[in-house]
Amino acid sequence: MAKRRILIITTCAAAALLGACGAKEDLKPAANQPAPVVPVGATRAPTTEELTTPDAQALPTRSDELLKRSEKREPDDFDLPPPG
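Here goes a summary of the coordinates provided.

Calculation criteria
- Sequence order as written defines the numbering, with residues in each chain counted from 1.
- Confidence filtering applies because this is a predicted model: local features only for residues at pLDDT of at least 70, side-chain atom pairs given and counted only at 80 or more, and all residues used for totals across whole chains, interfaces and linings.
- In computing side-chain values, all of the structure's heavy atoms are included and hydrogens and water are not.
- Only DSSP runs of H or I reaching four residues or more are called helices, and only runs of E reaching two or more are called strands; each is numbered from the N terminus.
- For the radius of gyration, the atom set is restricted to C-alpha positions; the globular benchmark scales as 2.2 Å times the number of residues to the power 0.38.
- Relative accessibility thresholds used throughout: buried, under 20% of the residue-type maximum; exposed, over 50%; partly exposed, between the two (1.4 Å probe, protein chains only).
- Per-residue and other accessible areas were derived by the Shrake-Rupley procedure at a 1.4 Å probe size, with only the shown protein chains allowed to occlude residues.

1. Observations concerning the overall build of the protein
Moving on, step 1. The helix and strand tally for the protein stands at 2 helices and 0 strands.
Moving on, step 2. By the compact-globule yardstick of 12 Å for 84 residues, the protein is too spread out, its C-alpha radius of gyration being 25 Å.
Moving on, step 3. Expressed along its principal axes, the backbone C-alpha trace of the protein runs to roughly 60 × 55 × 40 Å.
Moving on, step 4. For the protein, the residues scored as buried account for 0% of the 84 residues in total.
Moving on, step 5. Total accessible area on the protein stands at roughly 9300 Å², and carbon and sulfur atoms take up 59% of it.

2. Details of unusual backbone geometry
For residues other than glycine, phi is negative in most cases, and the peptide bonds are mostly trans.
Moving on, step 1. With phi around 60°, N32 is a residue other than glycine that occupies positive phi space.
Moving on, step 2. Position of N32 among the secondary structure elements: in the loop between α1 (2-19) and α2 (48-52).
Moving on, step 3. Overall, N32 belongs to the exposed group, its relative accessible area being 81%.

3. Focus: the environment of L66
Moving on, step 1. Secondary-structure assignment places L66 in the segment after α2.
Moving on, step 2. Note on L66: relative accessible area 68%, which makes it exposed.
Moving on, step 3. Along the chain, L66 and G41 lie 25 residues apart, while their C-alpha atoms are 41 Å from each other.

Dropping the structure here:
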């Protein structure tokens, strides 16, 4: 029982140490690498902040609104049964 407790404590300590070793500085382009290409239709290359900020589709907002009345679903042409 004591060996198991030591194993659990050691594992937790190792996880805490590994979790604390992350870098806390701004992202910089790699040395001797070309700058990112400008996207088609854009007038300038996006900044680091723009590239690392998720858009609304990546972080959808939660809707807590309850269903107040049932509505009939529209037919879906792509809702096909599995093959076979």
